[in-house]
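Inside the fold
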Amino acid sequence: MIPIRTLLPHILDSVPQAIWVVAPDGRILYTNPAAVAALGYGSEADLLGRPSHETLHPYRPDGSLFPASECPMLSPARTGKAVHGDDGWFMRRDGSFFPTSWWSAPISLPGGVGVVYSFFDATELRRYQRVERDRVAAGIRAAESRAAQRRIIESVAAVRRRTSRDLHDGAQQRLVSLLIGLRLAREVMTGTSAEALGLLDQAADEAQAAVDELRELAAGIYPSSLTSRGLSVAVCDMAARCPIPVRLTAECERRLPAALEANAYFLVAEAVTNAVKHAKASRIDISIRLNAELELTVADDGVGGVVAESGSGLFGLYDRVAAYDGSLTIESPMGVGTIIVARLPVPPRDSRRDDGAPPAAAQATHPQ
């Protein structure tokens with residue numbers, strides 16, 4: 001067996017980590033090849049006998065003097081305790097500095113107590129840590145942005161729901177009362193001229209038209225069926241009002257959280273609105289499927305060639321999907337039509353989230 005004392009010099013010369021021994025008087029007693037290379041010197045002879053502190057870091061990175069008496073790496077010679085640091089900086093032969101992680105421990109030497117250093121260039125480590133911090137920070141900012149988008153979307157949906165309810169319970173009910181009053185007046189009025197009765201009939205017709213328009217407006221703002229019966233039924237009602245024939249296939253057997261249902265409904269509504277306004281389509285196909293995620297598909301046979309850009313309705317779809325950590329794909333070859341597919345994560349089923357409504361699976365066609 002080869003004695004360890006014989007092997008030790010070979011070991012120290014081979015390790016990739018820098019090893020540095022400082023004599024009790026502060027001068028360099030030993031350095032291995034890794035330390036010579038890290039500091040940019042030609043050989044060990046260039047370093048032996050030099051003052052260790054002044055060689056490694058006579059100055060701070062800001063250019064101010066760094067006294068040896070303040071050097072934590074030399075403290076083990078006084079305290080007898082090993083120390084470690086991850087925020088050190090050493091100076092290369094050319095005067096440039098590099099970050100280091102280092103360890104320093106006392107060592108008994110002829111003439112007193114010296115120290116033995118072990119250190120490595122931490123430039124790559126610092127770069128990795130910086131990239132990782134930036135990645136985490138970017139992730140936090142993205143999560144905060146999605147949360148903010150979700151709050152805005154949910155706030156807008158709440159305003160829509162409240163406005164629709166106020167229209168239904170307020171203005172619509174007043175108009176219905178007015179219509180009933182006009183019809184009752186028409187029935188009880190006798191001996192009245194045909195012209196006066198005609199005016200009453202005209203007023204009743206106008207009141208009925210106002211009720212119908214207000215009901216349509218309220219349904220467009222926030223359909224009551226979305227709250228009472230769920231996503232599939234609300235989209236079915238939307239399809240029935242669409243001026244273009246719509247084929248709806250819905251496979252959604254349970255109610256979802258209200259905020260998710262509202263976001264999905266208005267996502268489909270915006271896609272349908274874009275198809276009606278811009279696609280010159282003769283038919284729209286809507287598909288709702290619920291498996292591990294909620295998949296919404298809106299396809300038309302229009303002119304295609306759409307581009308989702310800032311300010312367009314399709315660009316808003318990306319915001320809705322991103323707010324709920326979903327994905328959106330748009331295929332729109334020129335002259336072929338447009339297919340929009342949105343996938344939204346669905347939280348685990350929770351009985352407290354379901355409202356007891358019957359399954360909302362449906363398949364319907366609404367030709368106009």
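Description of the structure in this document. Keep in mind the model is a prediction, meaning the values are calculated, not measured.

Our focus in this paragraph is the sheet that holds strand 5 (residues 112-121). With respect to topology, five strands assemble into an open sheet ordered 2-1-5-4-3, the strand pairing being antiparallel. Across the chains shown, the open sheet's two edge strands, defined by having one partner strand only, are strand 2 (28-31) and strand 3 (83-91). The sheet shows a mean angle of 30° between the axes of neighbouring strands, taken without regard to direction. Both strand 3 and strand 4 (residues 97-109) contribute to a ladder of seven bridges, which runs antiparallel. The residue bridging Met91 from the neighbouring strand is Phe97, located in strand 4.

What follows covers unusual backbone geometry. Of note in the backbone geometry, Lys280 takes a positive phi value of approximately 55° without being a glycine. Note that Lys280 resides in the loop between helix 9 (258-278) and strand 7 (284-290). The exposed category is assigned to Lys280, whose relative accessible area is 72%. Phi at Asp325 takes a positive value of approximately 60°, unusual for a residue other than glycine. Along the chain, the position of Asp325 falls in the loop between helix 10 (313-323) and strand 9 (327-331). When its relative accessible area of 43% is taken as the criterion, Asp325 is described as partly exposed.

Conventions adopted
Residues numbered from 1 in each chain as written. Predicted model: local features only at pLDDT ≥ 70, side-chain atom pairs only at ≥ 80, totals over all residues. Heavy atoms only, no water. Pairing = 2+ DSSP bridges. Helix = DSSP H or I, 4+ residues; strand = E, 2+ residues; numbered from the N terminus. Axes fitted to C-alpha atoms, helices over the stretch in contact; angles between N-to-C directions. Buried < 20%, exposed > 50% of the residue type's maximum accessible area, 1.4 Å probe, protein only.

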